[in-house]
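Inside the fold
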Amino acid sequence: MLAVLSPGQGSQKPGFLTPWLDLTGAEARLRWWSALAGVDLVHLGTAADADEIKDTARTQPLLVAAALLAAEHLPMYDVTVTAGHSVGELGAAALAGVLPAEAAITLAGVRGREMAAACALEPTGMAAVLGGDPDEVLATIAAHGLHPANRNGAGQFVAAGAVAGLDKLAAEPPAKARVIRLKVAGAFHTPYMAPAEAALAAVAAGITPADPTRILLSNLDGAAVGHGRDMLQRLVRQVTAPVRWDLCMRTLADLGVTGVIELPPAGTLAGLVKRELKESGLPEIVTLNTPDDLPAARDLVARHGMAPSHEPTMQFRVVVSPSAGTFEPAPGLAEGDTLDAGRVVGHIATRQGPVEVTAHGSGVLTEWLAHHDDPVAPGQPLVRIGGHA
């Protein structure tokens, strides 16, 4: 099973898109997307220096554009799973069919501009906390009035909040942990970004998303999201909610992913996957940074990809599990029953409580693919729905 990952802010490097512009149609595509994003993506990806591309308003649409541009040269037809880190989720959602590329680029432009504006309202920042006991790290972050903005796995947390709190964290770090201040404009993925979330929600309200055509993981909780509207709401919410990349990687392991391609600018997520999943058996990884890496990436797809007929959400006719747990079908619901869109077909019993599973389209319940008390993984097919939506 193959997963394609889309990186987030901080992974960009000066000139990283230069070799891609040699491909036919790449520059024209970037100029079209530049008009949508409100920034010059060609300049940013080729000639801009490090300071220019670390500007949040510029970086976010640049990263989404880079991921989508490279993915156009891959046989995505055989890719089963997509996931993205922070703003990379917009790219992942587009690759999963939830958003048109143009909508993802437009939202990235709005997201970047509005988050940059929110950063200017008061002095805030972020710091990486490496090592230490996870519970103690979280307690120390909270004790200094900060928020755990990212939980990246592999012993890496990112604290965010007021500058004074970050100063205290640096002076009094958790035991056996290092604190590294990050060169960012403000406290992303915290309540400080509430104005940006509201602005993004206003624009997102005009988009009609589709349901994903492949397994799409969410930063909110690592769950496989089966409904386009749900994913769009999560993308908006993620502006102020913590990034749980640790849970996304756990889901990759639960799904049995054997191959991973990280889209450009690649390296950060591949490193986290290597460190986090080394105990459970590493997937084979390709970091796609230049067109020279495309043959290796295509070979990985050929060896680890799955035919579309095996995709859990093909043609929106299969309901998949949003999380790991035990499946409990809805009482009284049987094969042959007619379902309306939104009908509850069961629950997933998890340690955090029951998670509702609903039909994303109307039709006939043609087959149960999981049964009472069956253990299920995120993205696992539960119910097949036939007929016309």
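Residues numbered from 1 in each chain as written. Predicted model: local features only at pLDDT ≥ 70, side-chain atom pairs only at ≥ 80, totals over all residues. Heavy atoms only, no water.

Once that is clear, we can look at the sheet that holds strand E5 (residues 156-162). With antiparallel pairing, four strands are arranged side by side in an open sheet as E4-E5-E3-E6. Either end of the sheet is taken by a strand with one partner, and the two such strands are strand E4 (147-153) and strand E6 (177-181). Neighbouring strand axes in the sheet, compared pairwise and without regard to direction, differ in orientation by 25° on average. In terms of strand pairing, strand E3 (residues 124-131) meets E5 through seven bridges, oriented antiparallel. Residue pairing in the sheet places leucine 130 in a bridge with glutamine 156 of E5. Relative to the sheet, helix H7 (residues 134-143) contacts E3, E4 and E5, its axis offset from that of E5 by approximately 5°. (Pairing = 2+ DSSP bridges. Helix = DSSP H or I, 4+ residues; strand = E, 2+ residues; numbered from the N terminus. Axes fitted to C-alpha atoms, helices over the stretch in contact; angles between N-to-C directions. Contact = heavy atoms within 4.5 Å.)

This brings us to the packing of helix H6 (residues 101-119) against helix H9 (residues 194-204). One way to put it is that H6 packs onto H9 with a least axis distance of 8 Å and a crossing angle of 160°. One finds that H6 runs roughly antiparallel with respect to H9. Our pair here, H6 against H9, has a crossing hand that is right-handed. Across from Leu107, Val110, Arg111, Glu114, Met115 and Ala118 in H6, the residues of H9 making contact are Ala196, Ala199, Leu200, Val203 and Ala204. Partitioning the contact of H6 with H9 into residue classes produces nine nonpolar, no polar and two charged. (Parallel < 35°, antiparallel > 145°, perpendicular 65-115°, else oblique. Left-handed = near helix turned anticlockwise from the far one by under 90°. Nonpolar A, V, L, I, M, F, W, Y, C, P; charged D, E, K, R; others polar.)

With parallel pairing, five strands are arranged side by side in an open sheet as E7-E2-E1-E8-E9. Either end of the sheet is taken by a strand with one partner, and the two such strands are strand E7 (215-216) and strand E9 (284-287). Of the pairings in the sheet, the one linking strand E2 (residues 81-84) to E7 comprises two bridges and is parallel in character. Considered in E7, the bridge of valine 81 is made with isoleucine 215.

Right, let's get into the pattern of salt bridges. Enumeration over the complete set of coordinates arrives at eleven salt bridges. Aspartate 51 is the salt-bridge partner of lysine 54, the closest N and O atoms lying 3.7 Å from each other. Owing to a relative accessible area of 55%, aspartate 51 belongs among the exposed residues under this scheme. Here arginine 234 and aspartate 230 are joined by a salt bridge, their closest N and O atoms 3.2 Å apart. In this pair, arginine 234 and aspartate 230 are both assigned in helix H10 (residues 228-237), four residues apart and thus about one turn of the helix distant. Residue aspartate 230 is classed as partly exposed on the basis of its relative accessible area, which comes to 28%. Overlapping salt bridges bring together Asp221, Asp230 and Arg234 as one network. (Salt bridge = Lys/Arg side-chain N within 4 Å of Asp/Glu carboxyl O. Buried < 20%, exposed > 50% of the residue type's maximum accessible area, 1.4 Å probe, protein only.)

Right, let's get into the confidence of the model for the protein. Scored by pLDDT, the protein comes out at a mean of 91, with 96% of its residues at no less than 70. Within the model, pLDDT remains below 50 along residues 307-316, and this stretch shows 24 contacts once partners closer than five positions in the same chain are excluded. (pLDDT = per-residue confidence, 0-100.)

Further remarks concern the nonpolar core. Soluble globular proteins tend to pack their nonpolar side chains together in the buried interior. If you look at the biggest cluster of nonpolar residues, it comprises 73 residues, and the most contacted ones within it are Leu17, Leu30, Leu99, Ile261 and Leu263. Broken down by element, this core gets its largest block of residues, ten residues, from helix H4 (residues 56-71). Of the domains in this structure, domain 1 (2-111 + 190-304) and domain 2 (119-182) are the two that each give at least three residues to this core. Discounting chain neighbours no more than four positions away, the residues touching leucine 263 are Val4, Leu5, Pro7, Ala67, Ala70, Ala71, Leu74, Leu95 and Leu288. Of all hydrophobic cores here, the second largest spans 19 residues; its members include Leu217, Val260, Val273 and Leu277. (Core = buried A, V, L, I, M, F, W, Y, C linked by side-chain atoms within 4.5 Å. Domains from an automatic or database assignment.)

Turning our attention to the pairing of strand E8 (residues 259-262). Burial along E8 is two-sided: Gly259 and Ile261 facing one way and Val260 and Glu262 facing the other are all buried. Bridge count between strand E1 (residues 2-6) and E8: four bridges; the pairing is parallel. Paired with alanine 3 across the two strands is valine 260, which belongs to E8. One ladder, built from four bridges, connects E8 with E9; its direction is parallel. Across the sheet, the residue bridging to glutamate 262 is threonine 287, located in E9.

Moving on to the pairing of strand E13 (residues 344-350). Relative to E13, strand E11 (residues 325-329) runs antiparallel, the two sharing four bridges. Considered in E13, the bridge of glutamate 328 is made with histidine 347. By the bridge criterion, six bridges tie E13 to strand E14 (residues 353-358) in an arrangement that is antiparallel. Residue pairing in the sheet places histidine 347 in a bridge with glutamate 356 of E14. Taking the residues between adjacent antiparallel strands as the criterion, E13 and E14 are bridged by two residues.

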